[in-house]
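# Close look at the chain arrangement
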Amino acid sequence: MSQPTIESILQENRTFAPSAEFSAQAAVKSFDEYKALYDRAAADPVAFWEALAKTELHWFKPWTQALDWSNPPFAKWFVNGKTNLSYNCLDRHLESQGDKPAIIWEGEPGDSVTLTYRELHQQVCQFANVLKKMGVQKGDRVGIYMPMIPEAAVAMLACARIGAVHGVVFGGFSAEALRDRLVDAAAKVVITADGGWRKDAIVPLKPAVDAAIANGQTQVTTVIVAKRTAQEVTMVEGRDHWWHDLAATVNSDCPAAELDAEDNLFVLYTSGSTGKPKGVVHTTGGYNLYAHMTCKWIFDLQANDVFWCTADVGWITGHSYVVYGPLSNGATSVMYEGAPRPSNPGAFWDVIDKHKVSIFYTAPTAIRAFIKMGDDHPKSRDLSSLRLLGTVGEPINPEAWMWYHTVIGKERCPIVDTWWQTETGGIMITPLPGAIPTKPGSATLPFPGILADVVDMDGNSVPANEGGYLAVRHPWPGMMRTVYGDDDRFRKTYWEHIAPVDGKYLYFAGDGARRDEDGYFWVMGRVDDVINVAGHRLGTMEIESALVSHPAVAEAAVVGKPDDLKGEEIVAFVTLEGTYTASDELMKELKKHVVGEIGAIARPGEIRFADALPKTRSGKIMRRLLRALAAGQEVSGDTSTLEDMSVLEKLRG
Ligand code: WTA
């Protein structure tokens, strides 16, 4: 692991305070109020969360202990408490606001559906009964591989309702990537759709499910298919069923199961630096509270807000801020199927205009793409409904932040730059928009109850403006509980990089950061071998394995190279088996191969053929050198561990 450096971070001195009007109506109204809240929470985090859990969520039975941290790093929150996330998202809102829109869905071709809380509740109950009828029981894992249609949210909530554990797999992943995840989770049921609309074309999903199941590695015996695009699909007799056919056979009476706070809620796979993707496990009560509170305070939810988080439900952002956070708060959540595309580069602005979106949450890579498409698109739509903007997924460069602030926010809307991870369940470092002045490029300060810090390898806080490792010093309710089926990997990946201080474990996030003189966090990106392409984490190891599985490839090393649009672009260094020679055709074929193995998000931007890869004497590939080469920089720093200096010369030439 390379020590993060602070040289690469440009100094940014502008600050932007929220307007007096915004602060006056916000949940947390001033910096002093935030500070008092933060200090109170930091003095006793467990009491802080416990008080919120009591007032903010419904419990069938109270807990006996708010936090059990007797066996670190395995935390238990709200021990013995009984609750249900689907109940908190639906049932408890029915009486007071049954007719309020819960989900406003916009299809890419322009069709739209609004589901009120009552309607969504009815659909979730009905589909929960479908799952039961198909033999799904509490604790069973259910794969969800769907486009952005309301049925995706219905399927998630239905699993949560009966205590089945959902594993959503992003619809852009290939059949192979889907198979790996279904195998790891030992899922017996997969919920999918015939296809979805994206960039004016149908993305077929069912054939990928068929291919994922084909070689018999998975345990899938039932596939439920929602109809969206209505093209021809093959249905396997006895295994595959249409959603609407099954729904017609059950009623919609399905009381929410009284689940344990620590019952598994979902598994979501994310990339790590080594080995296969990790199944990040989140549980019921703590995750619910964390998604709820962060959504409430960070997006400053008010009764009439229309909240649009553009993330796909295949990512954690879609879990926490398209589905669970907004619905737990009784808010209106917008779901959009499509993407900006040549036939309509202003598609997002149309959605805001049409549905009067007031809170808009997207990724820096999308913002950079908008800038490229030109200001005419947003300027020709009515964006006056917006009052708050957010970003997530990667550091946002100050230029993109300023564009977002002026062209979209009209210098009126605070921007919340939110740092968090699949593992953290919800946002960890962020402005509270009515309270914390923002600085372009900084995620600002930790959420109350989050004891975040920047530390060295021994767990000591580093001085202001020095680079170090982003870490969290105290458990929080939304933290992941383990890696699915691999407690050891959980411990090693997140809790053993930094030595426990006085027996106290620190959570290691894998990001480099510094804090400035005001205590603001500036996240510098990953310190491990994870590449962040367009806000999506990809493990270099996964892409390397995909390359090596091609018969022509002997060895592969993958690094990220800075990219204006995507944040990072994938560059692969490849050595070939003896009988193959480098060519443009082979390069194209290898790119295609990676897409087939993982999905289009993992397509290498560049493949460089090499005679050999630079390695240490112990055989470890020196990625630091490759990163510098890929970025066209001079290779600096220590190369004394390089086994064969001539390799470097050749790669450079
Ligand atoms: C990066 C997405 C800087 C970071 C919610 C983290 C960020 C990884 C930010 C998690 C941000 C996310 N500023 N970097 N505001 N938000 N990251 O698991 O490297 O897909 O570790 O979760 O994205 O990615 P993940």
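Overview of the structure. (Residues numbered from 1 in each chain as written. Predicted model: local features only at pLDDT ≥ 70, side-chain atom pairs only at ≥ 80, totals over all residues. Heavy atoms only, no water.)

## Observations concerning the pairing of strand E7 (residues 165-168)
A two-sided burial pattern is seen for E7, the buried positions comprising Val165 and Gly167 on one face and His166 and Val168 on the other. For strand E6 (residues 141-145) and E7, the ladder comprises four bridges, and the chain directions are parallel. The partner of Ile144 across the bridge, within E7, is Val168. Running through helix H6 (residues 150-162), the crossover from E6 to the neighbouring parallel element E7 is right-handed. (Buried < 20%, exposed > 50% of the residue type's maximum accessible area, 1.4 Å probe, protein only. Helix = DSSP H or I, 4+ residues; strand = E, 2+ residues; numbered from the N terminus. Pairing = 2+ DSSP bridges. Right-handed = clockwise from strand over helix to strand, strands pointing away.)

## Regarding the nonpolar core
Membership of the largest hydrophobic core comes to 129 residues, with the highest contact counts inside it found for Trp49, Leu120, Phe127, Ile191, Trp243 and Phe299. In this view, Leu120 contacts Leu90, Ala102, Ile103, Leu115, Val154, Leu157 and Leu327; residues no more than four positions away in its chain are not counted. In terms of nonpolar packing, the next biggest core, distinct from the first, is built from 41 residues, Leu178, Val223, Ile543 and Ala546 among them. (Core = buried A, V, L, I, M, F, W, Y, C linked by side-chain atoms within 4.5 Å. Contact = heavy atoms within 4.5 Å.)

## A closer look at the sheet that holds strand E24 (residues 507-515)
Reading across the sheet, the four strands line up as E21-E22-E24-E25 and stay open at both edges, with antiparallel pairing between neighbours. At either margin of the open sheet sits one strand with a lone partner, and together these are strand E21 (452-455) and strand E25 (521-526). Within this sheet the neighbouring strands show an average axis-to-axis angle of 45°, counted without direction. Where E24 and E25 come together, five bridges link them in antiparallel fashion. Note on E25: the bridge partner recorded for Ala513 is Val523. (Axes fitted to C-alpha atoms, helices over the stretch in contact; angles between N-to-C directions.)

## Here's the deal with unusual backbone geometry
With an omega dihedral of 5°, the bond running from Pro72 to Pro73 counts as a cis peptide bond. Locating Pro73 in the fold gives a position in the loop between strand E1 (65-68) and strand E2 (76-79). Even without a glycine there, the phi angle at Lys356 is positive, about 55°. With respect to the helices, strands and loops of the structure, Lys356 is situated in the loop between helix H12 (347-355) and strand E18 (359-362).

Coordinates in, geometry out; function isn't part of it.
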